[in-house]
Amino acid sequence: MKILVCLSNVPDTTTKVRFKDNNTSFDANGVQWIINPWDELALTRALELKEGSNGVITNVSVITVGEAFAEPTIRKALAIGADNAYRVNSIPKDAFFTAFQIAEIAKKESFDIIFAGIESSDYNGSMVGSMISEFLNISSVSSVSAVNIENNEIKVTREIPGGKEFLNVTAPLVAVVQKGIAINPRIPSMRGIMTARTKPLTVSEAVACDSLTEFVNYELPQPKGKCKMISADNVKELVQLLHNEAKVL
Amino acid sequence: MSVLVYTENWDGKFKKSTFELLSYANEIAKKLNTETIGISIGNVSTDELSNLGNYGANKVLSFSDSRISSLENTVFSSIISQAAIKVGAQVIILSNNLTGKAIAPRLSVKLKAGLVSAVVALPSSVEPFEVKKKAFTGSAFANVKVNSAIKILTLSQNSYQINQSEDVAIVENFEATINNADFKTKVTDTQKTTGKIILNDAEIIVSGGRGMKGPENWGAIEELASVLGAGTACSRPVSDEGWRSHDEHVGQTGKIVAPNLYFAIGISGAVQHVAGVSGSKCIVAVNTDKDATVFEVADYGIVGDARQVLPSLIEAFKEFKAEH
Ligand SMILES: Cc1cc2nc3c(=O)[nH]c(=O)nc-3n(C[C@H](O)[C@H](O)[C@H](O)COP(=O)(O)OP(=O)(O)OC[C@H]3O[C@@H](n4cnc5c(N)ncnc54)[C@H](O)[C@@H]3O)c2cc1C
Ligand SMILES: Nc1ncnc2c1ncn2[C@@H]1O[C@H](COP(=O)(O)O)[C@@H](O)[C@H]1O
């Protein structure tokens, strides 16, 4: 069995978001880039599955659609334990384009499980994973909070409003993961960092594909009106304000 | 030509988020001079379906099939795309909830239709088609242009006001082809937390953070929630510590909620927490630290110890509820 983990290269989640060129593009000046937190957890789970599989899972690969500046993120994933990596050398123009590129590689390599995160922390698309499944014409499960393999059967837990569903899924599939898939992300070991340098990283050029959407410009949220402070001794005033002013009671 | 809405049902009933979608879709349909059509999947009574007219649906297509018992993304996206082709949908609208996120991307590829997720407002223009969405986990908005003939949007919950009328919708059965081979996932078991208000549906949420000091103090949060008919939530460290169950965790890595009223009790207001609650209409914060960042996002604030403030809040709301 082979697993592919999709990695989106995103600004560190504590980044102070700023825009430039008349608010038409993200200001990456001084920004620290990281593996999208969901993808880091997906990679962690993929490696746990491989280790617990008695050799059934032979390979955990990672893939990023991005320009060369995404390579530190890929190297980190290799240092954490991925066996090999793919990079499609292009700006990820939009989710449709990005998913198409990943599907093109997946067609050649036939992975059994493809992991993607529920959303990238920058553009918040929640799209790429499920789009890959449609390009490949295979099944997808979204809101996945656990994946286990028992007797060659893939068991998936899906979050639903107010509960969970437990599913059996036949491979191949795309699992779009969220909270719960792994508890703490793995961090690279010293040995991992050393071996990462020699692990295979295949770079290819993008295959022609339209993009369907474009980000025109950005806005920062309106600063909130000043918070109205109420004395702890007079909470009745709060109740009245919520009723008469905010009209939420 | 039409605007098509996926009208999701829960055990045969529609919810507020469905009504928001229809009201929103109807406004776009007016701009495009066309009609609003709903597509429903599963067993729903004709009354329930025709009532969707109250919220803006001119017509509802109803598909049901005994093979469908849970969400099968392949099948659902196939049915909606067949409906879209049949009614010549120019715009397709789904909720930005778990279901919408699972099927809209598949639909986008099937129809080669540009998808914008987490949309928060009506399109600023329909020609070219441009619409505003959340980005950077709530720290910004982006205006996105869609260049394809068909456009797909997933609408953030609580971001559009429901418009209600007396109109009823025409209900039609819809025939779509689905293949046995498309059912590749099988639900073997379901676990539901009963008796609790589902956070995504809650109008009011009372949420506690590390400032609550320990799980033994949650009685007051639960009591306040029960007085208000609210759901309960918590910050990430609280669920990490096991003080509360994981399904209460809100924020960037937990649930995204957008109630009318959100109480942040003993929560510092870290950016990752705020990312999950910034869509709330009104935020009330209680914190011992007058400089806590949570007061920058709150509408109303009380500086004080939760252990003293909560009992007086409970009393005050009880009094209010007795009068109203
Ligand atoms: C990648 C990433 C993702 C994250 N995702 C999330 C997420 O989804 N959700 C989330 O919540 N966090 C998330 N976090 C963690 C986040 O950064 C904060 O650490 C967390 O939100 C803090 O929780 P808190 O406010 O409960 O605790 P603290 O920051 O410890 O704040 C406690 C607050 O309580 C106040 N207080 C103390 N005593 C009292 C009292 N007696 N009465 C009233 N107030 C009192 C204090 O003044 C303080 O403001 C994430 C972090 C990272 C790095
Ligand atoms: N450029 C990319 N390269 C590889 N994987 C990606 C890329 N963008 C998004 N993904 C994957 O798709 C998930 C959801 O991203 P998005 O649809 O952008 O919100 C991410 O968590 C990644 O797993």
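Whatever comes next refers back to the structure up there.
Treat the numbers as computed from the prediction; the structure is a model and nothing was measured. Residue numbering note: each chain is counted from 1, following its sequence as written. As a convention, the first chain written is A and the first ligand written is 1, with the rest following in written order. In keeping with the predicted nature of the model, local features appear solely for residues at pLDDT of at least 70, side-chain atom pairs appear and are counted solely at 80 or more, and the whole-chain, interface and lining totals rest on all residues. The basis for the side-chain values is all heavy atoms of the structure; hydrogens and waters are excluded.

Chemist: Outline the overall build of chain B, supporting the account with residue identities and numerical values.
Modeler: Per the secondary structure count, chain B includes 9 helices and 16 strands. With C-alpha atoms as the basis for the radius of gyration, the globule rule is written as 2.2 Å multiplied by the number of residues raised to the power 0.38. Its C-alpha radius of gyration of 21 Å places chain B within 12% of the 20 Å reference for a compact globule of 324 residues. Each residue's exposure class comes from its accessible area (1.4 Å probe, protein chains only) as a fraction of the maximum for that residue type: buried when under 20%, exposed when over 50%, partly exposed otherwise. Relative to its full complement of 324 residues, chain B shows a buried share of 57%. Should any heavy atoms of two residues lie within 4.5 Å, those residues are considered in contact. Sequence separation of 24 or more characterises 65% of the internal contacts of chain B that already satisfy a separation of 6 or more. This count recognises Lys and Arg as positive and Asp and Glu as negative, with His and chain-terminal groups excluded. Lys charges are placed at NZ, Arg charges at CZ, Asp charges at CG and Glu charges at CD. Each charge sign in chain B was given a centre, from 31 positive and 34 negative side chains, and these centres are 7 Å apart. For helices the rule is a DSSP run of H or I covering at least 4 residues; for strands it is a run of E covering at least 2, with both sets numbered from the N terminus onward.

Chemist: Any details on the packing of helix α3 (residues 95-109) of chain A against helix α4 (residues 128-136) of chain A? Residues and values, ideally.
Modeler: Residue and element names in this part refer to chain A. Angles shown run from 0 to 180 degrees and are taken between the N-to-C directions of axes, each axis being a line fitted to C-alpha atoms and, for helices, limited to the stretch in contact. As a packed pair, α3 and α4 sit with axes 8 Å apart at the nearest point and diverge in direction by 50°. Here α3 lies oblique to α4, going by the angle between them. Two packed elements cross with a definite hand, and for α3 against α4 that hand is right-handed. Between α3, through Ala95, Phe96, Thr98, Ala99, Phe100, Ile102, Ala103, Ala106 and Lys107, and α4, the contact on the second element is made entirely by Val128, Met131, Ile132, Phe135 and Leu136. By the convention adopted, Pro, Cys, Tyr, Trp, Phe, Met, Ile, Leu, Val and Ala count as nonpolar, Lys, Arg, Asp and Glu as charged, and the other residues, Gly among them, as polar. Across the contact of α3 with α4, the residue classes break down as 12 nonpolar, 1 polar and 1 charged. Note that the term roughly parallel is reserved for angles under 35 degrees, roughly antiparallel for angles over 145, roughly perpendicular for angles of 65 to 115, and oblique for everything else. We call a crossing left-handed when the near helix sits turned anticlockwise from the far one by less than a right angle, and right-handed when that turn is clockwise.

Chemist: Residue-level account of the nonpolar core, with values.
Modeler: To qualify as a nonpolar core, a set must consist of buried Ala, Val, Leu, Ile, Met, Phe, Trp, Tyr and Cys residues joined through side-chain atoms within 4.5 Å. Ranked by size, the top nonpolar core spans 96 residues in total, and within it A:Val5, A:Phe115, B:Leu4, B:Ile79 and B:Ile92 carry the most contacts. Leave out the neighbours within four places in its chain, and A:Phe115 touches A:Ile3, A:Leu4, A:Val5, A:Cys6, A:Ala42, A:Ala46, A:Leu49, A:Val147, A:Ala175, A:Val177 and A:Ile181. Formed by 37 residues, the second largest nonpolar core is a distinct cluster that contains A:Tyr218, B:Val3, B:Leu22 and B:Phe129.

Chemist: Give me the lowdown on the sheet that holds strand β6 (residues 59-65) of chain A, citing residues and values where you can.
Modeler: Pairing between strands requires that DSSP locate at least two bridges from one strand to the other. Read across the open sheet, the 10 strands follow the order β13(A)-β7(A)-β6(A)-β1(A)-β8(A)-β12(A)-β9(A)-β10(A)-β11(A)-β11(B); overall the sheet is mixed. Both outer strands of the open sheet, β13 (201-205) of chain A together with β11 (185-192) of chain B, are each paired with one neighbouring strand and no more. With direction set aside, neighbouring strand axes in the sheet form an average angle of 30°. Pairing geometry for strand β9 (residues 139-150) of chain A and strand β12 (residues 173-177) of chain A, over 4 bridges, is parallel. Looking across to β12(A), one finds that A:Ser139 is bridged to A:Leu173. Together, β9 and β10 (153-160) of chain A form the strand contacts of helix α4 (residues 98-111) of chain B, whose direction differs from that of β9(A) by roughly 105°.

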